[in-house]
Amino acid sequence: MKDSKLSDNERLKAESKHLRGTITQDLQNPITGGFEGDNFQLIRFHGMYQQDDRDIRQERLKQKLEPLHTVMLRVRLPGGIITPNQWLGIDEFASKHTQYASIRVTNRQAIQLHGVLKPNIKPVHKLLDKLGLDSKATAGDVNRNVLCTSNPIESELHQQTYQWAKKISEHLLPKTRAYAEIWLDGEKVDTSEHEPILGDTYLPRKFKTTVSVPPLNDVDIHANDLNFVAISDRGQLTGFNVLVGGGLAMTYNDKSTYPRLASELGFIELKDVLSVAQAVVSVQRDWGNRSNRRNAKTKYTLDRVGVDVFKHEVEKRAGIQFSAIKPYEFTMRGDRLGWTKGVDGDNHLTLFIPSGRVIDSSQKPIKTGMAEIAKVHTGDFRLTPNQNLIIAGVKDQDIAKINELAERYKLIGEAFSKQRIQSMACVSLPTCPLAMAEAERVIDEYATKIYQLLINHNLEDRDIIFRVTGCPNGCGRALLAEVGLVGRAIGRYDLYLGGNRNGSRIPRLYEANLPIERIFTIMDELVACWANAATSDYFGDFLINEKVV
Ligand code: SRM
Ligand code: SF4
């Protein structure tokens, strides 16, 4: 696209020698714990973000110390599947070599390790490699970790769709050998190597892909650039409906930024999946806005050129024609907690992990518990897009053993309210440099208050999809919740109301910049009306039906 000056990120990608920059030299610089110049951005393409603990930033400044720079590293896990052995390796590293001794399950089925000091960065990459893992393309202007519906019951369909999530992830990875060269001491190769799919300056902005299995929309397709929705016949995958251009982020006081639902392009057969994925990425690569990063995502490209023009270009590049969308229906987004039996006879235990934070506390040693389970478990672990964990593939004879360990380490047994289970928050403070308000650290308290309101109005059998996100980037997917809080400042949020249960309606702004106490007063009044009106079982639908927003 012709536009004004390219953004500085375009320059740095072009000059990076395929993502190498001078990261290797920076790694050896003992003067600072951080990365300088372009390397600050380039390490993202290798799955890392430079951070510091904001709780102690001022204190260090007072002492004239530089912030305690660390990196947060995101492990790539297409479809969120990880073996017990891989889990144990990561667990040990987290305990011994990270500032917080935690493993954070993200809402995109990845793992984040917060607080890795510079001398430990290369060792963690080498460890991941030894475990058969990597952190490639989990950040930066590339196709990110590919999501797949956690579907422990229809095991065969899950297996088929999971294989596609893996294949798409591999197919769209950067091809540069920079990762191996820098982190794994791989052989130096000619830096004129090509990026056949992503292009030599990579994508204009981050790009997100899902593979989902209706009726469960746990992946939240409308937060994603590219979605493959499984169409099956008697448990066998036959093809996918393709939807493009979803996204939730916006910037305060910039009306050119907005959340957008994904648009339907059509149905494709399995043989066309990789060529369509590649074509969508390449159209966005060539047509996406490279001048203004705020308008660079696929959603803006689609709105600028029109869905039909975008679709025809994808058809041309992939050498296919989309068929009409096949009927599909999403009805829910939450995980099925507890034990379930798959059609293949295996058993699966889905654990509720508050905010995905796997960490030991004196009352709840859940990190140790997961490690103890990993030592004896013969199946795998699955991370869900709701930040939860599934102990998957448990044989009948092993159920008692796994259940006993889960109970002993308090991974099960605590009665979380339905309301808490339907609530989600992004990481936010203290590690996120962009956070404006608290999210993960307040979600228990806020969800409990909402639950109390439901009890007060005799609605304790109901729940509200409630999400809190620490800033308008929207990582907590609050803009697909029935009630969403978007952080403005400590203790203040924009209140969004009226999303629906299956995640296909963006809630509307009710009022901006409200103190949290005022939000709970408003919620009290609205829940009281809901209790009296009886026009809908679901709060989001009630708010829309009654024209509250
Ligand atoms: Fe996010 C940036 C955490 C899902 C939109 N996100 C960040 C960073 C890396 C902050 C930064 O750039 O320095 C956060 C790190 C915090 C920390 O300390 O860990 C962060 N995002 C997260 C996670 C961990 C939230 C969670 O609690 O699980 C999720 C990691 C997913 C993963 O494994 O890759 C996460 N981020 C999302 C989602 C939801 C989703 O994808 O389903 C969104 C909204 C959907 C979308 O993309 O529109 C999201 N994150 C953003 C944005 C805004 C992007 C944009 O279009 O403008 C940023 C900022 C940016 O990219 O400039 C961001
Ligand atoms: Fe950080 Fe904002 Fe994302 Fe929360 S929404 S993790 S505060 S960037």
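Rules behind the numbers
Residues numbered from 1 in each chain as written. Chains lettered and ligands numbered in written order. Predicted model: local features only at pLDDT ≥ 70, side-chain atom pairs only at ≥ 80, totals over all residues. Heavy atoms only, no water. Helix = DSSP H or I, 4+ residues; strand = E, 2+ residues; numbered from the N terminus. Rg over C-alpha atoms; globule rule 2.2 N^0.38 Å. Buried < 20%, exposed > 50% of the residue type's maximum accessible area, 1.4 Å probe, protein only. Near = heavy atom within 4 Å. Nonpolar A, V, L, I, M, F, W, Y, C, P; charged D, E, K, R; others polar. Donors = N, O, S within 2.8 Å, 3.2 Å for Na, K, Ca; no water. Polar contact = N/O pair within 3.5 Å; in protein donor to acceptor, adjacent residues only side chain to side chain. Core = buried A, V, L, I, M, F, W, Y, C linked by side-chain atoms within 4.5 Å. Contact = heavy atoms within 4.5 Å. Axes fitted to C-alpha atoms, helices over the stretch in contact; angles between N-to-C directions. Parallel < 35°, antiparallel > 145°, perpendicular 65-115°, else oblique. Left-handed = near helix turned anticlockwise from the far one by under 90°. Pairing = 2+ DSSP bridges.

A few words on the overall build of the protein chain. Counting secondary structure elements, the protein chain contains 17 helices and 20 strands. Computed over its C-alpha atoms, the radius of gyration of the protein chain comes to 23 Å, within 12% of the 24 Å expected for a compact globule of 549 residues. Reported as C-alpha extents along the three principal axes, the dimensions of the protein chain are approximately 70 × 55 × 55 Å. Within the span of the protein chain, comprising 549 residues, buried residues form 59% of the whole.

Our focus in this paragraph is the site of ligand 2. Around ligand 2, the neighbouring residues are Cys426, Ser428, Cys432, Leu434, Ala435, Thr469, Gly470, Cys471, Asn473, Gly474 and Cys475. Classifying every residue of the shell around ligand 2 by side-chain character gives six nonpolar, five polar and no charged.

A word on the coordination of the iron atom of ligand 1. Put simply, the ideal angle at a metal is 109.5 degrees for four donors in tetrahedral geometry and 90 or 180 degrees for six donors in octahedral geometry. Of all protein atoms, just one serves as a donor to the iron atom of ligand 1, and that atom is Cys475 (SG), at 2.3 Å. Relative to the helices and strands, Cys475 resides in the loop between β17 (466-469) and β18 (483-489).

Bringing the site of ligand 1 into the picture now. Around ligand 1, a shell composed of 31 residues is seen, among which Thr106, Leu248, Thr431, Cys475 and Arg477 lie nearest. Arg104 is positioned such that a nitrogen or oxygen atom in its side chain is 2.9 Å from an oxygen atom of ligand 1. Here an oxygen atom of ligand 1 sits 2.9 Å away from a polar atom, N or O, in the side chain of Arg205. Elements with a contribution of two residues or more to the shell around ligand 1: β1 (48-51), β2 (70-75) and β5 (111-116). Partitioning the shell around ligand 1 into residue classes produces 13 nonpolar, ten polar and eight charged.

Here the focus is the nonpolar core. Within the largest apolar cluster, 91 residues are counted, with the highest numbers of intra-cluster contacts made by Trp87, Ile90, Ile111, Leu113, Phe228 and Val276. Those residues in contact with Phe228, other than ones at most four positions away along the chain, are Ile168, Thr209, Thr210, Val211, Ser212, Phe240, Asn241, Val242, Ile268, Val273, Val276 and Ala277. Listed in part, the 33 residues of the second largest apolar core include Ala425, Ala437, Phe466 and Met523.

Relative orientation of the contacting elements helix α12 (residues 366-376) and helix α13 (residues 399-408) amounts to 165 degrees, with a least axis distance of 9 Å. One way to sum up the angle between α12 and α13 is to call them roughly antiparallel. For the element pair α12 and α13, the recorded crossing hand is right-handed. Every residue of α13 that contacts α12 at Glu372, Ile373 and Val376 is listed here: Lys401, Ile402, Leu405 and Ala406. Residues belonging to the contact of α12 with α13 are distributed by class as follows: five nonpolar, no polar and two charged.

For the rest of this paragraph, the subject is the sheet that holds strand β9 (residues 236-244). One open sheet holds the five strands; their spatial order is β6-β7-β8-β9-β10, and the pairing between them is mixed. In the strand order of this sheet, the two ends are held by β6 (147-148) and β10 (263-269), each with one partner. Sheet analysis places β6 next to strand β7 (residues 209-212), joined by two bridges and oriented parallel. Paired with Cys148 across the bridge in β7 is Val211. In this fold helix α7 (residues 155-171) packs onto β6, β7, β8 (226-233) and β9, with an angle of close to 50 degrees to the strand it touches most, β9.

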